[in-house]
Amino acid sequence: MTDLYALSDEHRAIREAVRAIADAKIAPYAAEVDELSRYPQEAADALFAADLHAPHVPEEYGGAGADALATVIVVEEVARACASSSLIPAVNKLGSLPVQLGGDEQLKARYLGKLARGEGGFSYCLSEPDAGSDAANQKTSAVRDGDDWILNGVKRWITNAGVSEYYTVLARTDPNKGSKGISAFVVEKSDEGVSFGAPEKKLGIKGSPTREVYFDDVRIPGDRIIGEEGNGFAIAMQTLDHTRVTIAAQAVGIAQGALDYALGYVKERKQFGKAIAQFQGVEFMLADMGMQIEAARQLTYAAASRSERGSDDLTFFGAAAKAFASDVAMKVTVDAVQLLGGYGFTRDFPVERMMRDAKITQIYEGTNQVQRIVMARQLLAGVQSI
Ligand code: CAA
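A few points on the structure. None of these values were measured; they are calculated from a predicted model.

When you go through the protein residue by residue, the secondary structure sums to eleven helices and ten strands. A compact globule built from 386 residues should have a C-alpha radius of gyration of about 21 Å, and the protein, at 21 Å, falls within 12% of that. Dimensions along the principal axes, computed over C-alpha positions, put the protein at roughly 80 × 45 × 40 Å. The 386 residues of the protein split such that 55% are buried.

So this is what it looks like as structure tokens:
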């Protein structure tokens, strides 16, 4: 894929197909999913039926083989309808990408195949109570026992925990080696000793369960290690370089959903004898919202092209796209609530949900403060992009 400034016909067709599914089968449940904090099963079923539940899985492992840009478009279009539902393809990529990037052929064939066939979703277990932004401060341990590994520890803020069958788990295999003493493993929900905390009570993305995951003497076979012992932190960071692009896409989709709703509203709503769309103060707000979304989309797609190529500057672009698009999503959704006035502040209209959903995009897969650390380090190291 070359750098792009216009979508190919194929990518346009993917957008149209996903939008049709999202409008018909996902959007109608978005308010209820949020209100009841329930898993969006209708979306999960619709995405699976269309082979969009984990579109990034390569064809050789039975997946749809979507490139990074196509995956971004899937996440963006689902998020436009329902942010919680967009976490299905987004987190399936986050959870399984460590296997795809670092696993041996056997592990890839086994687990990417299971994911593609819909045998279960994949979650990503990096964060811990004391390892949030400081991700290298891993306390979860993995100790060898014969050919097996025994895992003990607690993971926190795990998206789709309990729903997913498969988990990429980062664990400390050497207490003396810092970030080089961390390894990555695949753990299954059915492995003895795996259990889950109560679902967190959240501000947004309420349809996507976020729970702690507990590992209590969990014995897994030696072939479940992802790559080499000690490579886990690098694999975890490389994964985030790619998947911060999908969070950027989620943010773009949420923002677009809010703008689209606001555009419809301001044309209908009359005050002082005319549609409020005819007031210049409102026009200026709409213009800024549209301009910011388009800038975020272009940066996200440019980052997707780096993700597809695996370019050196992906680390910068992934962080930049995620930070920029999530800040845009927050601003645009707040403005959408403002445009709807009192109605925007009620749950009878979707924009307050979108505003609450937007907030997490500034926080997860690395806070926007961490993204700025990442970007600055890349700039100072001279990783340039033109
Ligand atoms: N690719 C490859 N290797 C990398 C890397 C990358 N992008 N980033 C770092 N590394 C390597 C470094 O090269 C370094 O190796 P050397 O010692 O050989 O040079 C090693 O990893 C340690 O790197 P740093 O010294 O940069 O590590 P640090 O402790 O300073 O941390 C950090 C850097 C950027 C702050 C990192 O900890 C970070 O990204 N924190 C945020 C964590 C995060 O994003 N968590 C999100 C959890 S997932 C989630 O939210 C998901 C969800 O459920 C939806």
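What follows continues from the structure just given.
Right, let's get into the environment of K25. As for its position among the elements, K25 is in helix α1 (residues 9-36). In the structure, K25 is positioned 18 residues away from A43 in sequence and 6.6 Å away in space, judged by C-alpha atoms. Setting aside residues no more than four positions away along its own chain, K25 makes contact with E42 and A46.

Below, the discussion takes up the pattern of salt bridges. Scanning the entire structure with this criterion turns up 29 salt bridges. The partner of E77 in a salt bridge is R19, with the nearest N and O atoms 2.8 Å apart. Separated by 58 residues along the polypeptide, E77 in helix α3 (residues 68-81) and R19 in helix α1 bring together distant segments of the chain. Judged by its relative accessible area of 28%, R19 is partly exposed. A salt bridge links R38 to E32, with the shortest nitrogen-to-oxygen separation between them at 2.9 Å. Classification of E32 as partly exposed rests on a relative accessible area of 38%.

In this section: the packing of aromatic side chains. The way to describe two aromatic rings as a pair is by their centre distance and the angle between their planes. Counted under the stated rule, the structure contains eleven aromatic pairs. With centroids separated by 5.8 Å and ring planes inclined at 40 degrees, the aromatic side chains of Y167 and F196 adopt a geometry described as tilted. Of the two residues, Y167 is situated in strand β4 (residues 166-172) and F196 in strand β6 (residues 194-196); the sequence distance between them amounts to 29 residues. According to the relative accessible area criterion, Y167 is buried, its value standing at 1%. Look at F316 and F317: their rings are 5.9 Å apart centre to centre, the planes differ by 70 degrees, and that puts the pair in the edge-to-face class. Pairwise contacts between aromatic rings join Y261, Y265, Y343 and F349 into one cluster. The ring of F279 carries the charged tip of K274 above its face, separated from the ring centre by 4.7 Å.

Our focus in this paragraph is the layout of surface pockets. If you add up the space inside the largest pocket, you get close to 1200 Å³. As for the largest pocket, its lining consists of 41 residues, and the residues nearest its centre are G132, R244, E365, G366 and T367. Mapped onto the lining of the largest pocket, the elements with two or more residues apiece are α4 (83-102), β1 (122-125), β3 (148-159), α6 (232-268), α10 (351-361) and α11 (368-380). With seven residues, the top contributor of residues to the lining of the largest pocket is α6. Of the voids in this model, the second largest pocket is the one considered here, and its volume is about 240 Å³. Residue lining of the second largest pocket: 13 residues in total, with Y39, I88, N92, G120 and G121 positioned closest to the centre. Contributing elements (two or more residues each) for the lining of the second largest pocket: α2 (41-49) and α4. Grouping the constituent residues of the lining of the second largest pocket by class yields six nonpolar, seven polar and no charged.

Turning to the site of the ligand, a few remarks are in order. Around the ligand there are 24 residues in total, and S133, T159, K180, E365 and R377 lie nearest to it. Contact between the ligand and T159: an oxygen atom at 2.6 Å from a side-chain N or O atom of the residue. With respect to the ligand, the side chain of D241 contributes an N or O atom lying 2.9 Å from a nitrogen atom. Summarising the interface, the protein chains cover 70% of the accessible area of the ligand, which totals 1100 Å² for the free molecule. Mapping the ligand onto the cavity grids shows that it belongs to the largest pocket. Put simply, the parts of the chain that give the shell around the ligand at least two residues each are β3, α6 and α11. Per-class residue counts for the shell around the ligand are eleven nonpolar, eight polar and five charged.

Let's shift gears to unusual backbone geometry. Residue D51 is not a glycine yet carries a positive backbone phi of 60 degrees. Within the element layout of this structure, D51 appears in the loop between α2 and α3. Judged by relative accessible area, which is 32%, D51 ranks as partly exposed. The backbone of I205 shows a phi angle near 35 degrees, a positive value even though the residue is not glycine. Inspection of the secondary structure assignment puts I205 in the loop between β6 and β7 (210-220).

The rules behind each value
- Residues numbered from 1 in each chain as written.
- Predicted model: local features only at pLDDT ≥ 70, side-chain atom pairs only at ≥ 80, totals over all residues.
- Heavy atoms only, no water.
- Helix = DSSP H or I, 4+ residues; strand = E, 2+ residues; numbered from the N terminus.
- Rg over C-alpha atoms; globule rule 2.2 N^0.38 Å.
- Buried < 20%, exposed > 50% of the residue type's maximum accessible area, 1.4 Å probe, protein only.
- Contact = heavy atoms within 4.5 Å.
- Salt bridge = Lys/Arg side-chain N within 4 Å of Asp/Glu carboxyl O.
- Phe/Tyr/Trp six-rings, centres within 6.5 Å; stacked < 30°, edge-to-face > 60°.
- Lys NZ or Arg CZ within 6 Å of the ring centre and 35° of its normal.
- 1 Å grid on protein atoms, 1.4 Å probe; cavity = no way out; pocket = protein on both sides within 12 Å on 5 of 7 lines; lining within 4 Å.
- Points joined across faces, edges and corners; volume = space filled by probe spheres on them.
- Nonpolar A, V, L, I, M, F, W, Y, C, P; charged D, E, K, R; others polar.
- Near = heavy atom within 4 Å.
- Polar contact = N/O pair within 3.5 Å; in protein donor to acceptor, adjacent residues only side chain to side chain.
- Areas by Shrake-Rupley, 256 points an atom, 1.4 Å probe, with all protein chains shown as cover.
- Sits in = over half its atoms within 2 Å of the grid points.

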